Amino acid sequence: MHITVTFQGTKPEPWIEGLQAELADLPALTIDAWQPGAPPADYAVVWTPSQQFIDEQSSLKAIFNIGAGVDALMALRIPATTAVVRLDDTGMSVQMAEFVTHAVIRHFREFAEYDADMRIAKKWSYRKPLNREDLPVGVMGLGILGERVARALKGFEYPVRGWSRSPKKIDGVECFSGMEQLDSFLAGTRILVCLLPLTTETENILNRRTLSRLLPGAYLINVARGAHLVEDDLLALLKEGHLTGAALDVFRKEPLPPGHPFWDEPRITLTPHTSARTLRDESIRQIAGKIRALEAGEKVAGVVDPAKGY
Ligand code: OXD
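Numbering of residues begins from 1 in every chain and follows the order in which that chain's sequence is written. Confidence filtering applies because this is a predicted model: local features only for residues at pLDDT of at least 70, side-chain atom pairs given and counted only at 80 or more, and all residues used for totals across whole chains, interfaces and linings. Hydrogens and water are ignored here; the side-chain numbers use all heavy atoms of the structure.

**Student:** Could you clarify how one ought to interpret the overall build of the chain in this entry?
**Tutor:** Counting its regular elements, the chain contains 10 helices and 12 strands. It is over C-alpha atoms that the radius of gyration is taken, and the globule rule equals 2.2 Å times the number of residues to the power 0.38. Rg of the C-alpha trace for the chain: 21 Å, near the compact-globule value of 19 Å for 310 residues, within the 12% margin. Structurally, the chain occupies a C-alpha span of about 70 × 45 × 35 Å along its principal axes. Within the chain, contacts between residues separated by at least 24 positions form 61% of all contacts whose residues are at least 6 apart in sequence. By element, 53% of the accessible surface of the chain is carried by carbon and sulfur atoms, the whole surface being about 15300 Å². Charge counting follows a simple rule: Lys and Arg are positive, Asp and Glu are negative, and His as well as the terminal groups are ignored. Where a charge sits is defined by one atom per residue type, namely NZ (Lys), CZ (Arg), CG (Asp) or CD (Glu). Distance between charge centroids for the chain: 5 Å, based on 35 positive and 39 negative side chains. Helix and strand labels come from DSSP, where a helix needs a run of H or I of at least four residues and a strand needs a run of E of at least two; each type is numbered from the N terminus. The contact criterion used is simple: two residues touch if any of their non-hydrogen atoms lie within 4.5 Å. Note on areas: these come from Shrake-Rupley sampling with a 1.4 Å probe, and a residue is covered only by the protein chains present in the view.

Put into structure tokens, the structure is as follows:
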């Protein structure tokens, strides 16, 4: 069996070694880092591969994506005979729940303001506690990550709403679905969390029209993809006061370019696409398990539906 690995921005060697160790018992196993012109492989482990890679490796049984989002892969022409397989959680959903819960709590408990009072103004002052009921949190995207986030927020007794493409049921979460229910979902949301997959339908979904529908004084948390957000619309709505702030982990261009207006906007909290990191050892174990299952003719979880794009 031949497994090829191609990543942008990540070293392939530890993945190759890890996969070798997990699959050592397989006969005639070759695992290598892809080079243009390399012989065809059976499986690929990738992050943002090139179209050249896909064109040259046209007989792959499956491509394993080492990140949560498969939008970069969906933008390529991939043969219908090659399955694209997402990581199935592998420790990402707990990180995402931590990250989003932290962002919501930081906003709700006004920790940035306390920090400024204590550190900058050197002032010991109390703020009137806000009422949880006044800050309903709406989670867009109720996949593995979104559902975990919604449940975590529920654990802190925030009113939680969810919106997804197809109807979902989550205990204690008011669920909305489809474009026809998007406005009702937004109209009752004050903290909006975007965890949608990036598809042609969801690109630019966070725009002046949708963000204006949120309750006044809304706060945006985007941990999905930069291309969900029309950046100028966010800046305008902050200026107009309809939005009070945002926590952004993802950007249209990453790394965020020098001179970008977000760097100097104090109401936007910035992090460098770090909300839920790929945990290598868990991911390697999962990919190796899925390769064994596919070789045994079994079905595996996380196969992407190209028609949906996730
Ligand atoms: C992603 C990731 O898909 O970081 O964004 O895993």
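Continuing now.
**Student:** When you look at the pairing of strand β3 (residues 43-47) in this model, what are you seeing that I'm missing?
**Tutor:** Both faces of the sheet carry side chains from a regular strand, because those side chains alternate between them. Note on classification: 1.4 Å probe, protein chains only; a residue is buried when its accessible area is under 20% of the maximum for its type, exposed when over 50%, partly exposed between these limits. Among the 5 residues of β3, 4 are classified as buried, and the element is accordingly described as predominantly covered. Any two strands with at least two DSSP-identified bridges between them are counted as paired. Looking at chain direction, strand β1 (residues 2-7) and β3 are connected through 5 bridges and run parallel. Among the inter-strand pairings, Thr6 is bridged to a residue of β3, identified as Val46. Sheet topology note: the β3/strand β4 (residues 62-65) ladder contains 4 bridges and is parallel.

**Student:** Whenever I open this one, the layout of surface pockets confuses me. Can you help?
**Tutor:** Left-over empty space is what a probe sized like a water molecule reveals as it rolls over the atoms. Taken as a whole, the second largest pocket spans an internal volume of roughly 530 Å³. Along the walls of the second largest pocket sit 29 residues, with Asp71, Ala72, Ala75, Leu198 and Arg225 positioned nearest its centre. Looking at the lining of the second largest pocket element by element, the count peaks at 4 residues for helix α3 (residues 71-74). Tallied by class, the residues present in the lining of the second largest pocket amount to 12 nonpolar, 8 polar and 9 charged. A pocket, in this scheme, is an open set of points on a 1 Å grid over the protein atoms alone with protein on both sides within 12 Å along at least 5 of 7 lines, while a cavity is a set where a 1.4 Å probe fits but cannot get out; residues line either one if an atom lies within 4 Å of a point. Grid points are joined across faces, edges and corners, and a volume is the space filled by probe spheres set on the points. The residue classification treats Ala, Val, Leu, Ile, Met, Phe, Trp, Tyr, Cys and Pro as nonpolar and Asp, Glu, Lys and Arg as charged. All others, Gly included, are polar.

**Student:** When you look at the side chain of Asp71 in this model, what are you seeing that I'm missing?
**Tutor:** Counting through the fold element by element, Asp71 comes out in helix α3. Residues adjacent in sequence count toward polar contacts only when both atoms are side-chain atoms; beyond that, a polar contact is any pair of N or O atoms within 3.5 Å, and within protein one must be able to donate a hydrogen and the other to accept it. At a separation of 2.9 Å, a polar atom in the side chain of Asp71 contacts the side chain of Arg225. Sequence-distant contacts of Asp71, that is, excluding residues within four places in its chain, are made with Leu198 and Arg225.

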